[in-house]
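The residues making up each chain are set out below.
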Amino acid sequence: MARSVWCLALALMAQGAAAEEAAPYPDLASWGEALFFDVNLSKNRTQACATCHDPAAGFADPRETVLGHAVSLGDDGASLGDRNAPTASYARFSPPFGRDAKGAWVGGQFLDGRAATLADQAKGPPLNPLEMALPDVATAAARLRENPQYVATLAALFPQAPASDEAFFDAMAQAIAAYEATPEFAPFDSKYDRFLRGEAKLTDQEELGRVLFFSNQFTNCNQCHQLKPQGGAEGETFTNYAYHNIGVPENTAVRAGNGTAPVTVDAGLAANPAVAGAATERGKFKVPTLRNVAVTGPYMHNGVFADLRTVILFYNTYNTTVPARKINPETGQPFAAPEVPETLSLTELESGPALDDQRIDALVAFLNTLTDARYEPLLQPAP
């Protein structure tokens, strides 16, 4: 009798554990968090969203590859991309891809805006052969169905959804987008934010950088990296989500290492299907947020510059007439020619005077203050 009672107790415990395991996530964001870290959504079960958007590294990719940090390694352990993985922090503020009041393209996700929304973006990496490499939506849905808790969550949160692969995949994307819309990705708690709230004081160098950044006279930074009508407003994302060609040179090291033919042109915005290859949009990329920029290098769409100061020196080449100021300190050679020279945003790039070292260093110091509090230990000490 005692043995029967013991067996019954074990059976009840097992049933309870199974029921708890299959209990649905309480909300979409909680499910999205689980999905964001789930390596089973890649072909070889080695990569998750968090692999290339690591929460410990500013939601960028900190992994070292044979090409450094410029591009990301795929799930197969060999494939290397051609673009730098942008931070996922503050991504939720990008408006849906479309045209602004002047007819210019703005918003969307990815560097070329080809995903209109965060949910659309979440569908891309699992099916990208160079990334998570699942062959199709059916395979992705099968991986999702392996997890009883995911099945239970779909039924609980999407009771009207059809029992189709596409419905499960769409729900997955919505959940990941909901997680990316949480304050974890956009806490607005950097030193700059604390300064605006009167909780921190900027150094003299940081304050000079702040004044220069928002100036309409001494720099051109805020022409593209200011969203709010008034400089210094709370909630600034430091991008207007527009598309520009700033003359970034080809990353020849990446092309040599990932098998892409040399002098291949990344068409940027023109590669977005909605733009239909318009020649006027070739070489344009979405203006990135400067939030956490100091800890999410390397920089530009192809990771061609390793250091933040180099980026500012590169911008300065459009305004300086001094040959020595046109040298890339990372190569010791003049900055290379633009990958796409015919669509440069010269009106914006040539606005403002040339910058001396004091002002360049001040801008770097200010950009450091845009680092979320959790990432401040990652900042490099000032030279």
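The structure presented is a predicted model; accordingly, all values stated were derived computationally and were not measured.

Draft legend 1. Inspection of the environment of R143 at higher detail. Structurally, R143 can be placed in helix α6 (residues 137–145). For the pair R143 and R45, spaced 98 residues apart in sequence, the C-alpha to C-alpha distance is 9.9 Å. Polar contacts involving the side chain of R143 include one to the main-chain carbonyl oxygen of K43, which spans 2.9 Å.

Draft legend 2. Here's a closer look at the confidence of the model for the chain. Taken over all residues, the pLDDT of the chain has a mean of 94, while the share at 70 or more is 94%. Overall, residues 1–19 carries pLDDT values under 50, and its contacts beyond four positions in sequence, including any with other chains, amount to 0 contacts.

Draft legend 3. Broad picture of the pattern of salt bridges. Here the structure, examined in full by the defined rule, presents 21 salt bridges. The partner of E376 in a salt bridge is R194, with the nearest N and O atoms 3.0 Å apart. Of this pair, E376 sits in the segment after α14 (357–368) while R194 sits in helix α9 (residues 191–196), and the two are 182 residues apart along the sequence. A salt bridge links R325 to D357, with the shortest nitrogen-to-oxygen separation between them at 2.8 Å. One end of the pair, R325, is in the loop between α12 (308–316) and β5 (327–328); the other, D357, is in helix α14, with 32 residues separating them in the sequence. What makes D357 partly exposed here is its relative accessible area of 36%.

Draft legend 4. Spotlight on unusual backbone geometry. Here G297 and P298 are connected by a cis peptide whose omega angle stands at 5 degrees. If you trace the backbone, P298 turns up in the loop between β4 (285–286) and α12. Positive phi is not limited to glycine here, since A133 has a value of about 65 degrees. In this structure, A133 sits in the loop between α5 (124–127) and α6. The phi dihedral of N292 is positive, around 65 degrees, even though this residue is not glycine.

Draft legend 5. Region of the structure containing the environment of A104. Mapped onto the fold, A104 is located in the loop between β1 (98–99) and β2 (105–106). On the basis of relative accessibility, which here comes to 37%, the residue A104 falls in the partly exposed class. Distance from A104 to Y243, taken between C-alpha atoms, is 8.2 Å for residues 139 residues apart in sequence. Those residues in contact with A104, other than ones at most four positions away along the chain, are G98 and R99.

Draft legend 6. Seen up close, the nonpolar core. Counting 33 residues, the largest nonpolar core has W31, L35 and F36 as its most contacted members. Among the elements of the structure, α2 (28–36), α3 (49–52), α4 (118–122), α6, α7 (148–157) and α8 (165–180) are those that each provide at least two residues to this core. It is α8 that contributes the most residues to this core, 9 residues altogether. With residues near it in sequence (within four places) discarded, F36 still touches A48, C49, A50, H53, F59, I176, Y179, E180 and F185.

What counts, and at which threshold
Residues numbered from 1 in each chain as written. Predicted model: local features only at pLDDT ≥ 70, side-chain atom pairs only at ≥ 80, totals over all residues. Heavy atoms only, no water. Helix = DSSP H or I, 4+ residues; strand = E, 2+ residues; numbered from the N terminus. Polar contact = N/O pair within 3.5 Å; in protein donor to acceptor, adjacent residues only side chain to side chain. pLDDT = per-residue confidence, 0-100. Contact = heavy atoms within 4.5 Å. Salt bridge = Lys/Arg side-chain N within 4 Å of Asp/Glu carboxyl O. Buried < 20%, exposed > 50% of the residue type's maximum accessible area, 1.4 Å probe, protein only. Core = buried A, V, L, I, M, F, W, Y, C linked by side-chain atoms within 4.5 Å.

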